[in-house]
Amino acid sequence: MSNPDGVNSGPDGHATLIRGGVVHTADDGERVYPVGSVLVVGDRVAAVGDVARVDAAAAELSVDVRTVDADGMMVLPGFVNGHWHDMFAGRVVLRAASRPPSDRDDQPGFFSHGGDLPQVTAAFDAFHDLIAGLAADEASAIARYSLWTQLRSGTTTVGDTGSLNRPDALVDAARSLGIRLSVSTWASDAVCLPGEHRHRRTRDTDRLLAELADLLRTAPGGTVRVRPSALYVPAMSDELGRGLADLVSRHDTRFATHVAALRNESEAVRACYGTTPVRRLADLGLLTDRLTAVHCAFVDDEERELLVASGAHISHSPAKYGPSGESTLSETAVLTDLVARGVGVSLSTDGGVFPLGSMAEAMRAAWQAHNEIAADNTRVLPSTALAMATRTAARGLGWDDEVGSLEVGKQADLVLVRTTDWRYLLNPRPLEAFLTLGGSLDVDTVMVAGRVLVRAGHATEVDEDELEREYLRALRSYSARHPHVSDEVLSRVFRTP
């Protein structure tokens, strides 16, 4: 059966033929089918290739086949964002939403000028209390809205690396929306203060480890997994690091942390812990091929080789660095070198109280910035940028057996981008045009495990307006309980247009 206007809305035994688009598989061979198709049966990719071959595979099926006309579209694997934080509860309590409309008096933030490490570690520590203040219904509404922004922009798999939210709320939100999630906890137990030659413990380490152990024991499986993380190497005591290493080993899972992210970090870590960030991970048993090292640009030559030898994965967020004052790419060029050496370097968005550049914007930034740093327009090709946002990122999460490329047997997670306007005229490489002039809003269709969750840029299974209303209600309710947010500020922030 062919239904050009219909799509399969779930793995219900039917099949969906996505026919006639420019198919980028993002597999190890970087195969591209200029006029290609993808056949989905249930929640899996059953065939991918040129139109005639996939048509033949569809004709052999004994179930109904619904056809999506992909002429004038790119068909891409679902994006994998392996380093993300839900920070949307912080728009008011962190005062971002109460800023003046003009930006002329803005001051450098604590990531700027190499990073104010005492302020960074103190801020990370304070988040524990902010998370504890979230009511269950508030956490749920905020998590649903935050994860929805990821899904709407084409991300089908999210790697939480510690969020300003409750892990149980993130799990429930992911399941209700249909998005894949690797969930974690907010884990930091130390601060590094100026003039002190040892870190100061701020949290009960055993309690933090117990919370993570409980999450690992009750891991829901399927589309939701657990990946332990530590917020930041300077904010992690030796006891917490060793405990995390033990949990990672016992549960055979991955681990992520921000490390070597700022110029001033090595000096602070040496003062507080007597060594440098990457060496410290090695001493704690965390520098292995299970590690995702986030940002990781400020390393010395020996640390760089330790990273390479360990097989650790690197995740970076190039669309975020300039707005936050970080110089992660340009100051050291370490990540550009690691890309050239074939180390697993993926893209991600990081997190902020307002939506950051999503994976489409991260691809553009990687394509442009790495090539400029290397003075070589082939250092990161558009296809390389796509792989960094899909296949390579899935490997970093340990999820590449299921997602990250369009290959037979993998989960049917894919994105359709319309390519019929002036930006794509006479360009035989629509991916290049997309990275030049496109972005997240150009995502037309998002499928996760055979379910079309976004069609024509809108949700198919949830009410987007209701998601926003519930988010704003929860945010106002939560923010009102924090004494530094006055009624006057709340009234101004949440005024009705």
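Residues numbered from 1 in each chain as written. Predicted model: local features only at pLDDT ≥ 70, side-chain atom pairs only at ≥ 80, totals over all residues. Heavy atoms only, no water.

Under an unreviewed UniProt entry, the name given to the protein is 5-methylthioadenosine/S-adenosylhomocysteine deaminase, and the source organism is Saccharothrix australiensis.

### Re the packing of aromatic side chains
Per the counting criterion, the structure on display carries seven aromatic pairs. Plain terms: the ring middles of Phe127 and Trp186 are 4.8 Å apart, the flat faces sit at 35° to each other, and that makes the pair tilted. Taken together, the positions of Phe127 in helix α3 (residues 117-132) and Trp186 in the loop between β8 (180-183) and β9 (190-191) put the pair 59 residues apart, joining distant regions of the chain. The exposure class assigned to Trp186 is buried, which follows from its relative accessible area of 7%. Between Tyr145 and Tyr471, the aromatic rings sit 4.5 Å apart at their centres with planes inclined by 5°, giving stacked as the arrangement. (Phe/Tyr/Trp six-rings, centres within 6.5 Å; stacked < 30°, edge-to-face > 60°. Helix = DSSP H or I, 4+ residues; strand = E, 2+ residues; numbered from the N terminus. Buried < 20%, exposed > 50% of the residue type's maximum accessible area, 1.4 Å probe, protein only.)

### Thoughts on the domain arrangement of the protein
Interfaces are often sized by the accessible area lost when the parts come together. The domain boundaries assigned to the protein delineate domain 1 (15-78 + 405-459) and domain 2 (79-84 + 106-397). Centre-to-centre separation of domain 1 and domain 2, based on C-alpha positions: 30 Å. Between domain 1 and domain 2, the contact holds 31 residues from the first and 26 residues from the second. For the pair domain 1 and domain 2, the two sides together bury roughly 2400 Å², of which 58% comes from carbon and sulfur. Among the residues domain 1 hides against domain 2, the three largest losses belong to Gly78, Leu435 and Ser440. Together they make up 25% of the total. On the surface where domain 1 and domain 2 come into contact, there are four salt bridges. In this structure, Arg395 and Asp28 form a salt bridge, with 2.4 Å as the shortest nitrogen-oxygen distance. Here domain 1 and domain 2 share 14 residue pairs in polar contact (both at pLDDT 80 or more) between them. Elements that contribute at least two residues to the side of domain 1 that touches domain 2 include exactly β5 (73-77), α16 (430-437), β18 (443-448) and β19 (451-455). Considering each element in turn, the side of domain 1 that touches domain 2 owes the most residues, six residues, to α16. (Domains from an automatic or database assignment. Contact = heavy atoms within 4.5 Å. Buried area = accessible area lost by both parts, 1.4 Å probe. Salt bridge = Lys/Arg side-chain N within 4 Å of Asp/Glu carboxyl O. Polar contact = N/O pair within 3.5 Å; in protein donor to acceptor, adjacent residues only side chain to side chain.)

### A few points about the sheet that holds strand β15 (residues 313-316)
Across the sheet, five strands lie side by side as β12-β13-β14-β15-β16; this open sheet has parallel pairing. Only two strands of the sheet have a single partner each, and these edge strands are β12 (229-232) and β16 (345-347). Recorded for the sheet is a direction-independent mean angle of 25° between the axes of neighbouring strands. Inspection of the sheet shows strand β13 (residues 255-259) paired to strand β14 (residues 291-295) by five bridges, in the parallel sense. (Pairing = 2+ DSSP bridges. Axes fitted to C-alpha atoms, helices over the stretch in contact; angles between N-to-C directions.)

### Section: α16
Listing the buried residues of α16 in full gives Pro430, Leu431, Ala433, Phe434 and Leu435. Where the residues of α16 are buried, they touch β1 (15-24), β5, α13 (359-374), α14 (382-388) and β17 (414-418).

### Notes on the nonpolar core
Grouped together as the largest cluster of nonpolar side chains are 123 residues, with contacts concentrated most on Leu147, Tyr232, Leu307, Ile314, Met363 and Phe434. It is helix α4 (residues 136-152) that provides the largest number of residues to this core, a total of eight residues. Formed jointly, this core draws a minimum of three residues from each of two domains, domain 1 (15-78 + 405-459) and domain 2 (79-84 + 106-397). Leave out the neighbours within four places in its chain, and Phe434 touches Met74, Ala360, Met363, Arg364, Val417, Tyr424, Gly439 and Asp442. (Core = buried A, V, L, I, M, F, W, Y, C linked by side-chain atoms within 4.5 Å.)

### Topic: the pattern of salt bridges
As enumerated under the stated definition, the model contains 40 salt bridges in all. One salt bridge in this structure joins Arg279 and Asp300, with 2.8 Å as the shortest N-O distance. Of this pair, Arg279 sits in helix α9 (residues 277-283) while Asp300 sits in the loop between β14 and α10 (301-310), and the two are 21 residues apart along the sequence. Here Arg304 ties to Asp301 by a salt bridge, and the two come within 3.8 Å at their closest N and O atoms.

### Focus: the sheet that holds strand β11 (residues 224-226)
A sheet is described by the order of its strands in space; here four strands give the open sequence β6-β7-β8-β11, paired in parallel fashion. Every other strand in the sheet has two partners, leaving β6 (79-84) and β11 as the edge strands with one partner each. Averaged over all neighbouring strand pairs, the angle between strand axes comes to 15°, with direction disregarded. Relative to β11, β8 runs parallel, the two being bridged by three bridges. Residue pairing across strands places Ser182 opposite Arg225, the latter belonging to β11.

### Here's the deal with the packing of helix α6 (residues 205-217) against helix α7 (residues 238-250)
Viewed as axis vectors pointing N to C, α6 and α7 meet at an angle of 20°, and their least axial separation amounts to 10 Å. Overall, the two elements α6 and α7 adopt an arrangement that is roughly parallel. In the crossing of α6 with α7, the sense of the turn from one axis to the other is right-handed. Contacts from Thr205, Leu208, Leu209, Leu212, Ala213 and Leu216 of α6 reach α7 at Glu239, Leu240, Gly243, Leu244 and Leu247. Taken together, the residues of the contact of α6 with α7 sort by class into eight nonpolar, two polar and one charged. (Parallel < 35°, antiparallel > 145°, perpendicular 65-115°, else oblique. Left-handed = near helix turned anticlockwise from the far one by under 90°. Nonpolar A, V, L, I, M, F, W, Y, C, P; charged D, E, K, R; others polar.)

### A look at the pairing of strand β3 (residues 44-50)
Relative to β3, strand β2 (residues 32-41) runs antiparallel, the two sharing six bridges. Of the residues in β3, the one forming a bridge with Leu39 is Ala47. Hairpin geometry of β2 and β3 is characterised by an intervening segment of two residues between the two adjacent antiparallel strands and by a positive phi of about 65° at Gly42.

### Examining the packing of α4 against helix α17 (residues 464-480)
Interhelical geometry of α4 versus α17 gives an angle of 135° and a closest axis separation of 8 Å. In terms of orientation, α4 and α17 fall into the oblique class. As for how α4 packs across α17, the hand of that crossing is left-handed. Residue-level inspection shows Asp137, Glu138, Ala141, Ile142, Arg144, Tyr145 and Trp148 of α4 in contact with α17, the latter providing Glu464, Leu467, Glu468, Glu470, Tyr471, Arg473, Ala474, Ser477 and Tyr478.

### Observations concerning the environment of Arg217
Relative to the elements of secondary structure, Arg217 occurs in helix α6. A relative accessible area of 58% means that Arg217 is categorised as exposed. It is 8.8 Å that separates the C-alpha atoms of Arg217 and His251, two residues lying 34 residues apart in sequence.

### Examining the side chain of Lys410
Following the sequence through the fold, Lys410 ends up in the loop between α15 (391-397) and β17. According to the relative accessible area criterion, Lys410 is buried, its value standing at 12%. Within the structure, the side chain of Lys410 is placed 2.9 Å from the side chain of Ser405, a separation counted as a polar contact. In this view, Lys410 contacts Asp43, Arg44, Val45, Asp400, Asp401, Glu402, Val403 and Ser405; residues no more than four positions away in its chain are not counted.

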